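Below, each chain spelled out in residue letters.
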Amino acid sequence: MTTYPPDRRDFSRSAPVRLWEDGFAPDPHRYYSALRAQGPIGWAELAPGVPAYVVTDRRAALDVLHDDETFSHDPRAWEATVPVDSPVLGMMRWRPNALFSDGTDHVRYRTTLIDVFDLVEPHDLRGRVHRAVRLLAGRIGPRGEADLVADFSRPLMALVFNDLFGLPDSQGERLNEGLGKMMEGGAQAAEGEAQYAQYVLELIAAKAERPGDDLPSRLLDHPARLTREEVTWQVFLTLGAGYEPTANLLSNTLSRILGNSLYYSTLTNGARPVMDAVVEVLHHETPLANYGIYYVREPVAFHGVWLREAVPVVVSYGALGHFAEQQVTSGRHPNDASHLSWGAGAHACPAKQHTLLIVTEAIERLTQWLPDLDPVVPRERLSWRPGPFHRSLTALPVRFSPRSPASSSDPSGVRS
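J.: Help me get a handle on the packing of helix α6 (residues 122-140) against helix α15 (residues 352-369), residues and values and all.
T.: The geometry of α6 relative to α15 is characterised by a closest axis approach of 9 Å and an angle of 40 degrees between their N-to-C directions. Classified by the angle between their axes, α6 and α15 sit oblique to one another. Relative to α15, the crossing made by α6 is right-handed. Contacts from P122, L125, R126, V129, H130, V133, A137 and I140 of α6 reach α15 at H354, L357, I358, E361, A362, R365, L366 and W369. Of the residues contributing to the contact of α6 with α15, the split by class is 11 nonpolar, two polar and three charged.

J.: Tell me what's going on with the sheet that holds strand β3 (residues 50-55), and back it up with residues and numbers.
T.: As summarised here, the arrangement of the six strands in space is β1-β2-β3-β9-β6-β4, forming an open sheet in which the pairing is mixed. Each of the sheet's edge strands pairs with one partner strand only, and the pair in question is β1 (17-18) and β4 (71-72). Across three bridges, strand β6 (residues 292-296) lies against strand β9 (residues 313-315) in antiparallel orientation. The partner of G292 across the bridge, within β9, is V315.

J.: Could you give an account of the nonpolar core, naming the residues involved and the relevant values?
T.: Ranked by size, the top nonpolar core spans 102 residues in total, and within it F152 and L156 carry the most contacts. With 12 residues, the single largest contributor to this core is helix α11 (residues 228-258). Here F152 is in contact with V133, L136, D147, L250, L254, A362 and L366, once residues within four sequence places are set aside. Among the nonpolar cores identified, the runner-up in size contains 24 residues, and F11, I41, V55 and L320 belong to it.

J.: Could you give an account of α6, with specific residues and numbers?
T.: Helix length check: α6 (19 residues) gives 27 Å between terminal C-alpha atoms against 27 Å at 1.5 Å per residue, within 8%. The set of residues buried in α6 consists of L125, G127, R128, V129, H130, A132, V133, L136, A137 and I140. The inward-facing, buried residues of α6 abut β5 (145-147), α7 (148-165) and α15.

J.: Account for unusual backbone geometry, with residues named and values stated.
T.: Unlike most non-glycine residues, H303 shows phi in positive territory, near 50 degrees. Among the structural elements, H303 can be located in the loop between β7 (300-302) and β8 (305-307). A relative accessible area of 18% places H303 in the buried class. For L340, which is not glycine, the phi torsion reads 65 degrees and is therefore positive. Residue position: L340 is located in the loop between α14 (317-327) and α15.

J.: Report on the packing of aromatic side chains, specifying residues and quantitative values.
T.: When we look at a pair of aromatic rings, we describe it by the centre distance and by the angle of the planes. Enumeration over the complete set of coordinates arrives at eight aromatic pairs. Centroid distance W43 to Y53: 5.1 Å. Interplanar angle 55 degrees. Geometry classified as tilted. Within this pair, whereas W43 is found in strand β2 (residues 41-47), its partner Y53 is found in strand β3, the two being separated by 10 residues in sequence. W43 sits in the buried class, given a relative accessible area of 4%. When the ring of W233 is compared with that of F236, the centres are 5.0 Å apart and the planes differ by 65 degrees; the resulting orientation is edge-to-face. Taken together, the residues span about one helical turn, with W233 and F236 both in helix α11 at a distance of three residues. Judged by its relative accessible area of 22%, W233 is partly exposed. A connected cluster of aromatic rings, assembled from ring pairs, spans F24, Y31 and Y32. For the cation-ring pair, R76 lies above W94, with the distance from its terminal atom to the ring centre recorded as 4.0 Å. Here the basic side chain of R391 rests over the ring of W384, its NZ or CZ set 3.6 Å away from the ring centre.

J.: With reference to specific residues and values, describe the packing of helix α13 (residues 274-284) against α15.
T.: In a packed pair of helices, the relevant descriptors are the angle between the two axes and the axis-to-axis distance. Interhelical geometry of α13 versus α15 gives an angle of 125 degrees and a closest axis separation of 10 Å. Classified by the interaxial angle, the pair formed by α13 and α15 is oblique. Both α13 and α15 take part in a crossing whose hand is right-handed. Along its contact with α13, which presents V274, M275 and V278, the element α15 presents L356, V359, T360, I363 and E364. Its residues assigned to classes, the contact of α13 with α15 comprises six nonpolar, one polar and one charged.

What counts, and at which threshold
- Residues numbered from 1 in each chain as written.
- Predicted model: local features only at pLDDT ≥ 70, side-chain atom pairs only at ≥ 80, totals over all residues.
- Heavy atoms only, no water.
- Axes fitted to C-alpha atoms, helices over the stretch in contact; angles between N-to-C directions.
- Helix = DSSP H or I, 4+ residues; strand = E, 2+ residues; numbered from the N terminus.
- Parallel < 35°, antiparallel > 145°, perpendicular 65-115°, else oblique.
- Left-handed = near helix turned anticlockwise from the far one by under 90°.
- Contact = heavy atoms within 4.5 Å.
- Nonpolar A, V, L, I, M, F, W, Y, C, P; charged D, E, K, R; others polar.
- Pairing = 2+ DSSP bridges.
- Core = buried A, V, L, I, M, F, W, Y, C linked by side-chain atoms within 4.5 Å.
- Buried < 20%, exposed > 50% of the residue type's maximum accessible area, 1.4 Å probe, protein only.
- Expected span 1.5 Å × (residues − 1).
- Phe/Tyr/Trp six-rings, centres within 6.5 Å; stacked < 30°, edge-to-face > 60°.
- Lys NZ or Arg CZ within 6 Å of the ring centre and 35° of its normal.

Below you can see the structure in the form of structure tokens.
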């Protein structure tokens, strides 16, 4: 560990920046500025009475992400300090899966995830996205108007992920509702957690009885011999971590594209790749803004702050992107990952390429099929869902020239 200044700060008696307030969703940058004013690490609340250290400096963030000896992902000591009805427990409580484990347990869980996702061939995943776009295109095309959150981004993820996890399209709304409530972390968080948990339990029971060509069946059959409970919590993690952030990345990218007419026109004529817009969102409106959560194994001085045990240390990817945006105005390379949205170190996202493929393919097909998407609401007036962890649009209404399936042999403009 680095030797830090002796005048380290202890925030235990300081007023926290309240990330659960109504004002956070519409204007997170004001809250990030208040945190940054405290130094590389600020003091916040994720929910009433649930304090956290929030890392807003890139160097400090990298030190957290790469230091497995000082920092742990295991939240059980913290759980003992919070009320059982805390609205953030659904997102933060310990479960035996790759996210909340360290050491050999983490390696074992993570290896199974990498192995099963490696079996998802890019051309197969591309075909699943194309199928979902065609289905949704047929629904919204004749109307001439749509909400690209409720009518496209979220149902597309439900279609794609239910397909990957071996459930029929008809189950998509259950997935959407449970995860949405849990992520927002408000009064309905516990209800959402229960709904989503029941969804996953039923899925694993069905796959244990009748395996198929899907991710849960491959986990159940993996040589690591995970128990059924372990498989359940691996799926709880991967289905949720895949669905919600990817849906938000898709809608946030569409918002950024449609909010800039020059950007949109160059995108639809092929002059600028979709990946440019995705990278911009990962820097400035990353979908999981405050979900890099760690805990110190014992009290320690870190970047001038005294970190206590059983208090979350949150790497704020949203704050990192906000301050990076003030320093860089243009010209990012498509592979620029300085936003850290994929994490780093042992817990870096194992499904990065799958996520990027889903989002870029979905946008390319949609904009080819509907090249005249016109936002109804100016970008600065769009509303955002509450919650301390995510950056997620409430709605993205658009107009376009109506198009029916009969107007083309392939209404989506593509074939898988």
